Amino acid sequence: MKLELAKSAGFCYGVRRAVRMAEQAAEQGRACVMLGPIIHNNSVIEYLASLGVGLIQRPEEAEPGTAVIIRSHGEGRAAYEALAERGCPLIDATCPNVSRIHQIVSQAEEAGRKVVIIGSPTHPEVAAIAGWCARPLVFEGVQALSDWLEGEPERRNLPVTMVSQTTSTQIIWDKCVEKAKKECTNLKIFDTICNATYKRQSEAQALAARSDAVVVIGGRESSNTKRLAELCEALCPKVVWIERAAELEPSTLCRKASIGITAGASTPEWIIKEVYDKMSDENIEIEESFAEMLEKSI
Ligand code: F3S
C-alpha cells in the first residue's frame, strides 16, 4: 500500500497566525477568551483551553477588561462595537484575506452598491462578512443567484458588487460569475477565494484522481474540509472523512493499493501525523493479513 500526503495538507497561513496569536496571549499570562472557536477544530480548542484561553459565544459574555480574541473567520461590525462598549481589548486574529473582504463590502455599500456574497449563509465567515453591510444578499450557488436575478427585471440594473467566501470552490464561483456577467448591467466582481484554499483543493483533486482511496482529515464543522471531501468524492471511489486517527477503520481501506491523505486548513500537524502514523502501522498489518489470506488460498 502506498500512502501519499498532499503537500498543502493542514494549517493555512491565516489559521497558523490565529493560533499563534492565542498562544502568545496565553504565554504572556493575559486573561483572554476567544469569541467563538478560533478555528473549526475541537482538538485545537481543547489545546488552547489547556493554556488558559477561554471560550465565549457572544460579546455580552466577555468580562470587562478581558482581552477578546477575534477568530480567523472574523466578526461583523456589531461585535467590535459591543466589545468596545464593554471595554475589552481586542486581539484581532481575523485572517488578512477575510479583513480585505470586509473592506470591499463596506466600501461597496457606502458607495450605494448592492453586496452579493457567494457562500454558505450559516458559516461564521459569511455571517461576519454580511455583518459589515446593512442589507447584503447571500447565495449558496448559481441557482439561488439566478432565482434572485430573474425574480424582478429591475434587479439586473442594480449596481452589484460580488464577493466569495474564501473557501468556496472555483467551480461554484465561476458559474456565479458567468451568470452575473450575463445578467447584470453594473457589476463589480472580486474573486476572494483564498489562494491557500485554491491550492489545497487543486492538490486534493489531483491526489484523488490518482488514488484508490482518500482520507480527508478535519473538523466536522470545517467548511473547507467539507469542500475537500466533496471534491475528492467526485474523483475517487472511496473517501473517508475523519477528525482524529481513532476514527479510522483500517478495514475500510483494506486492499487499496494507493491511499491519499489530505487535511483541511484548520487541521493541526500533530493530528495529520497521528493519522499518518496509524496508517503506516496499519499498512504493515494489512499487508500481513493479506499475505496470510494469500497463503491460505494457495
Ligand atoms: Fe485565511 Fe485562506 Fe486560511 S482566508 S484563514 S489563509 S483558508
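Residues numbered from 1 in each chain as written. Predicted model: local features only at pLDDT ≥ 70, side-chain atom pairs only at ≥ 80, totals over all residues.

**Q** I keep staring at the sheet that holds strand β12 (residues 258–263) and nothing clicks. Help me out?
**A** Adjacent strands of a sheet pair through backbone hydrogen bonds, lying either parallel or antiparallel. Reading across from one edge, β1-β12-β10-β11 is the order of the four strands in this open sheet, with parallel pairing throughout. At either margin of the open sheet sits one strand with a lone partner, and together these are β1 (2–5) and β11 (239–242). The average undirected angle you get between the axes of adjacent strands in this sheet is 20 degrees. Where strand β10 (residues 213–217) meets β11, four bridges bridge the pair, whose relative direction is parallel. Residue Val 215 lies in a different strand from β11, and its bridge partner there is Val 240. Relative to the sheet, helix α8 (residues 195–209) contacts β1, β10 and β12, its axis offset from that of β12 by approximately 165 degrees. The strands touched by helix α9 (residues 223–233) are β10, β11 and β12; relative to β10, the strand with the most contacts, the crossing angle is about 175 degrees. (Pairing = 2+ DSSP bridges. Helix = DSSP H or I, 4+ residues; strand = E, 2+ residues; numbered from the N terminus. Axes fitted to C-alpha atoms, helices over the stretch in contact; angles between N-to-C directions. Contact = placed C-beta atoms within 7 Å.)

**Q** What am I meant to see in the sheet that holds strand β9 (residues 186–189) here?
**A** Read across the open sheet, the four strands follow the order β7-β6-β8-β9; overall the sheet is parallel. Among the strands making up the open sheet, the edge pair consists of β7 (137–139) and β9. Across this sheet, the average inter-strand angle for adjacent strands is 25 degrees, counted without regard to direction. In terms of strand pairing, strand β8 (residues 159–164) meets β9 through four bridges, oriented parallel.

**Q** Just to check I follow, could you spell out the environment of Glu 233 for this structure?
**A** Tracing the backbone shows Glu 233 in helix α9. With 15 C-beta atoms counted inside 10 Å, the residue Glu 233 sits in the partly exposed group. In sequence terms Glu 233 and Ala 130 are 103 residues apart; their C-alpha atoms lie 30 Å from each other. (Buried ≥ 20, exposed ≤ 12 C-beta atoms within 10 Å, placed from the backbone.)

**Q** Help me out: how do you make sense of the site of the ligand in this one?
**A** The environment of the ligand is made up of 14 residues, and the closest members are Cys 12, Gly 14, Cys 95, Asn 97 and Cys 194. Of all the secondary-structure elements, those providing two or more residues to the shell around the ligand are α1 (13–27), α4 (96–110) and α8. Considering each element in turn, the shell around the ligand owes the most residues, three residues, to α1. A class-by-class count of the residues in the shell around the ligand yields eight nonpolar, six polar and no charged. (Near = placed C-beta within 6 Å. Nonpolar A, V, L, I, M, F, W, Y, C, P; charged D, E, K, R; others polar.)

**Q** Looking at this structure, I do not really get helix α7 (residues 170–183). What am I missing?
**A** It helps to recall that an α-helix has 3.6 residues per turn; residues three or four apart then point in one direction. Look at α7: 20 Å from first C-alpha to last across 14 residues, which is about the 20 Å you get at 1.5 Å a residue. Ile 172, Trp 173, Cys 176 and Ala 180 are the residues of α7 that are buried. Along α7, the residues classed as buried sweep out an arc of 95 degrees about the axis, all on the same side. The exposed set on the far side of α7, more than 90 degrees from its buried face, consists of Glu 178, Lys 181 and Lys 182. In this fold, the buried residues of α7 make contact with β6 (114–118), α6 (142–151), β8 and β9. (Expected span 1.5 Å × (residues − 1). Arc of directions from axis to C-beta.)

**Q** Mind showing me how you'd approach the pairing of β8 here?
**A** Regular strands place their side chains on alternate faces of the sheet. Burial analysis of β8 places five of its six residues in the buried class, which makes it a mostly covered element. Bridging between β6 and β8 involves five bridges; their strand directions are parallel. Counted as the bridge partner of Ile 118 is Ser 164 from β8. In this fold, β8 hands off to α7, which returns the chain to β9; that crossover is right-handed. (Right-handed = clockwise from strand over helix to strand, strands pointing away.)

**Q** Got a minute to help me understand the domain arrangement of the protein in this structure?
**A** You'll often see interface size given as the accessible area lost when the parts meet. Under the domain assignment used here, the protein contains domain 1 (2–10 + 195–297), domain 2 (13–95) and domain 3 (97–189). Placing a centre on the C-alpha atoms of domain 2 and another on those of domain 3 gives a separation of 28 Å. The partner domain 3 presents 11 residues to the 10 residues of domain 2 that form the contact. Here the side of domain 2 that touches domain 3 is composed, by residue class, of two nonpolar, six polar and two charged. (Domains from an automatic or database assignment.)

**Q** What is the right way to look at the packing of α6 against α7 in this model?
**A** Viewed as axis vectors pointing N to C, α6 and α7 meet at an angle of 15 degrees, and their least axial separation amounts to 9 Å. Considered as vectors, α6 and α7 are oriented roughly parallel to each other. Note on packing geometry: the crossing formed by α6 with α7 is right-handed. When α6 is examined against α7, the residues Val 142, Leu 145, Ser 146 and Leu 149 are found in contact with a partner set consisting of Lys 175, Cys 176, Lys 179, Ala 180 and Glu 183. Taken together, the residues of the contact of α6 with α7 break down into five nonpolar, one polar and three charged. (Parallel < 35°, antiparallel > 145°, perpendicular 65-115°, else oblique. Left-handed = near helix turned anticlockwise from the far one by under 90°.)

**Q** Looking at this structure, I do not really get the environment of Glu 249. What am I missing?
**A** When you line up the elements, Glu 249 lands in the loop between β11 and β12. As a C-alpha pair, Glu 249 and Met 279 span 30 residues in sequence and 9.8 Å in three-dimensional space.

**Q** Sorry if this is basic, but what is going on with the pairing of β10 here?
**A** Of all five residues that make up β10, five are buried, and the element is covered over most of its length. The alternating pattern of β10 places Ala 213, Val 215 and Ile 217 and Val 214 and Val 216 on opposite faces, both of which are buried. One ladder, built from five bridges, connects β10 with β12; its direction is parallel. What sits directly across from Val 216, in β12, is Thr 262. The β-α-β motif built from β10, the intervening α9 and the parallel element β11 has right-handed crossover chirality.

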